[in-house]
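Letter by letter, the chains look like this.
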Amino acid sequence: MKPNVPDQREFQTGRKMKMIITGLLLLALIPFAAYSQDPHLPPGNLGLTNLQDGNPPSPGWYYLQYVQIDQPDKVKNSHGKTINGALQVSSLITLQQVVFISKKRILGGNLGFTTIMPLVKLSTNASGGAAPSINPSPLGDLVTGPLVQWFNRKLFGMDYSHRLEVDVAVPTGGYHSTYDINPGSRVWRVFPHYTFTLSPVKNLSFSMRHHLNYYFKGIGTDDRPGITYNFNYSAEYAVTRSIFVEAAGYYLNQLEQDAHDGDHNYFQHKYGITDTRERVFAYGPGVGFVFPSGLFLEIKAMKEAAVQNRSEGWRGTLALSYKLNKN
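Residues numbered from 1 in each chain as written. Predicted model: local features only at pLDDT ≥ 70, side-chain atom pairs only at ≥ 80, totals over all residues. Heavy atoms only, no water.

Attention now moves to the overall build of the protein chain. Across its full length, the protein chain holds two helices and 14 strands. Taken over 327 residues, the protein chain has a buried fraction of 51%. Taking the contacts inside the protein chain whose residues are at least 6 apart along the sequence as the reference set, 63% of them involve residues at least 24 apart. When the accessible surface of the protein chain is split by element, carbon and sulfur atoms take 61% of a total near 14,300 Å². (Helix = DSSP H or I, 4+ residues; strand = E, 2+ residues; numbered from the N terminus. Buried < 20%, exposed > 50% of the residue type's maximum accessible area, 1.4 Å probe, protein only. Contact = heavy atoms within 4.5 Å. Areas by Shrake-Rupley, 256 points an atom, 1.4 Å probe, with all protein chains shown as cover.)

Here it is in structure tokens:
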């Protein structure tokens, strides 16, 4: 693309991306709103949970904290080509999560629930124009839901622990129409997910978390983001009983076009946007430590690739997990 003389399709795509890139999966579980020609896509869990994700040690109360840096260096269009001068948004988030897994049995597993409260700090690189206004409120949308955890099972003779969870993102985060970017999304989201850790041989395991995200119409609008599917993955090796190394990452694919009043072709016809669907794949190394106190620490860095209709960069993540009761 010639930066000074874009063709009509590139101009429309670039205009769209400049206006909505702040809503294109900046953070896992941190929905926020941005004015745009089509509805923003509230983020899913992109690489927050990888190592031994389906394998908590036992029932009880857990406290988890995640810190993630999202640093984009370019923006891609629907053809995977870089959009020169497009707005880039960097973010620093922290999520506080409480998980309770009870001893009450259901479907052969242990019933539980989780609640997540996100906090976010955003900054922009507006080299292509004026910077958008950012709501200073740090509050993202509350996430909560029930779960069933199956401990210490077998799958074809291999160790297998897994979990089914159905979460709801409630639009409780900070929002005001005077800001271009808000930490609250104003969109209800339901996202069931299935997580497992499989150990085929001693010291080697594989973990995955599969999400399906359904978005309702934005509050006060007729716009609805398209359904997305994403997963986190990790191949893990236990160097010792307390040290793990991993190859980890995530993948996201938007399965349907964004819709207006139920019409999935509206933004194509109205604005000439040929494709509103997003895609990204990421990969990178990680390491985990289990301390004598029971604290679990995971550190990883993941590089994004195969991007369409969103920013591309890298994510650095630190995750802490601690079992509050020792019995």
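Attention now moves to the environment of Asn55. By the secondary structure assignment, Asn55 is in the loop between helix 1 (8–20) and strand 1 (60–76). For Asn55, a relative accessible area of 30% puts it in the partly exposed group. Each C-alpha atom, one on Asn55 and one on Arg163, is 8.6 Å from the other, the two residues being 108 residues apart in sequence. If near-sequence neighbours (up to four positions away) are discounted, Asn55 is found in contact with Ser161 and Thr197. In this structure the side chain of Asn55 is engaged in a polar contact, spanning 3.2 Å, whose partner is the side chain of Ser161. (Polar contact = N/O pair within 3.5 Å; in protein donor to acceptor, adjacent residues only side chain to side chain.)

The tally for this structure, following the rule as stated, stands at 14 salt bridges. The salt bridge partner of Lys300 is Glu298, with a shortest N-O separation of 3.1 Å. Across the pair, Glu298 and Lys300 agree in class, each one buried. Among the charged side chains, a salt-bridge network with shared partners connects Asp53, Arg163, Glu165 and Arg209. (Salt bridge = Lys/Arg side-chain N within 4 Å of Asp/Glu carboxyl O.)

In this section: the pairing of strand 14 (residues 310–323). The buried fraction of strand 14 amounts to ten of the 14 residues, a majority that puts the element mostly inside the structure. Where strand 1 and strand 14 come together, 14 bridges link them in antiparallel fashion. Residue pairing in the sheet places Tyr66 in a bridge with Ala319 of strand 14. Pairing of strand 13 (residues 296–308) with strand 14 involves eight bridges; the strand directions are antiparallel. Residue pairing across strands places Lys303 opposite Trp314, the latter belonging to strand 14. Following strand 13, the chain reverses through one residue before pairing antiparallel with strand 14; Asn309 in that reversal takes a positive phi of roughly 60°. (Pairing = 2+ DSSP bridges.)

The subject of this paragraph is the layout of surface pockets. Reported here for the largest pocket is a volume of approximately 830 Å³. Lining the largest pocket are 39 residues, and of these Gln52, Asn55, Pro56, Leu64 and Ser321 lie nearest its centre. Counting residues per element, the lining of the largest pocket draws most heavily on strand 14, which supplies five residues. Its residues assigned to classes, the lining of the largest pocket comprises 20 nonpolar, twelve polar and seven charged. (1 Å grid on protein atoms, 1.4 Å probe; cavity = no way out; pocket = protein on both sides within 12 Å on 5 of 7 lines; lining within 4 Å. Points joined across faces, edges and corners; volume = space filled by probe spheres on them. Nonpolar A, V, L, I, M, F, W, Y, C, P; charged D, E, K, R; others polar.)

In this section: the environment of Pro292. Turning to its location among the elements, Pro292 is positioned in the loop between strand 12 (279–290) and strand 13. Along the backbone, Pro292 and Ser242 are 50 residues apart, and their C-alpha atoms lie at a distance of 8.5 Å.

Although it is not a glycine, Arg186 sits at a positive phi angle of roughly 60°. Residues other than glycine seldom take positive phi values, yet Asn203 does so here, at roughly 75°. Tracing the backbone through its elements, the reader meets Asn203 in the loop between strand 6 (189–201) and strand 7 (204–215). Overall, Asn203 belongs to the partly exposed group, its relative accessible area being 36%.

Among the surface-exposed residues, Trp61, Tyr63, Val98, Phe113 and Leu324 lie close enough to one another that they form a single nonpolar patch of about 420 Å² accessible area. Within the secondary structure layout, Tyr63 lies in strand 1. (Patch = residues over 30% accessible without salt bridge, like charges linked within 9 Å, V, L, I, M, F, W, Y side chains within 5 Å.)

Moving on to the packing of aromatic side chains. Within this structure, the stated rule accounts for 13 aromatic pairs. Ring centres 5.8 Å apart and planes at 85° place the aromatic pair Trp61 and Phe113 in the edge-to-face group. Placement of the pair is Trp61 in strand 1 and Phe113 in strand 3 (residues 109–125), with a sequence separation of 52 residues. Here Trp61 falls in the partly exposed class, since its relative accessible area comes to 35%. (Phe/Tyr/Trp six-rings, centres within 6.5 Å; stacked < 30°, edge-to-face > 60°.)

Moving on, we come to the pairing of strand 6. Sheet topology places strand 5 (residues 158–170) next to strand 6; eleven bridges connect them, and they run antiparallel. Paired with Leu164 across the two strands is Tyr194, which belongs to strand 6. As judged from the nine bridges shared by strand 6 and strand 7, these two strands associate in the antiparallel manner. Residue pairing for strand 7: Tyr194 is matched across the bridge by His210.

To continue, consider the side chain of Arg224. Mapped onto the elements of the fold, Arg224 is located in strand 8 (residues 223–224). Look at Arg224 and you get buried, because its relative accessible area is 14%. Of note is the side chain of Arg224, whose polar atom sits 3.0 Å from the side chain of Glu256.

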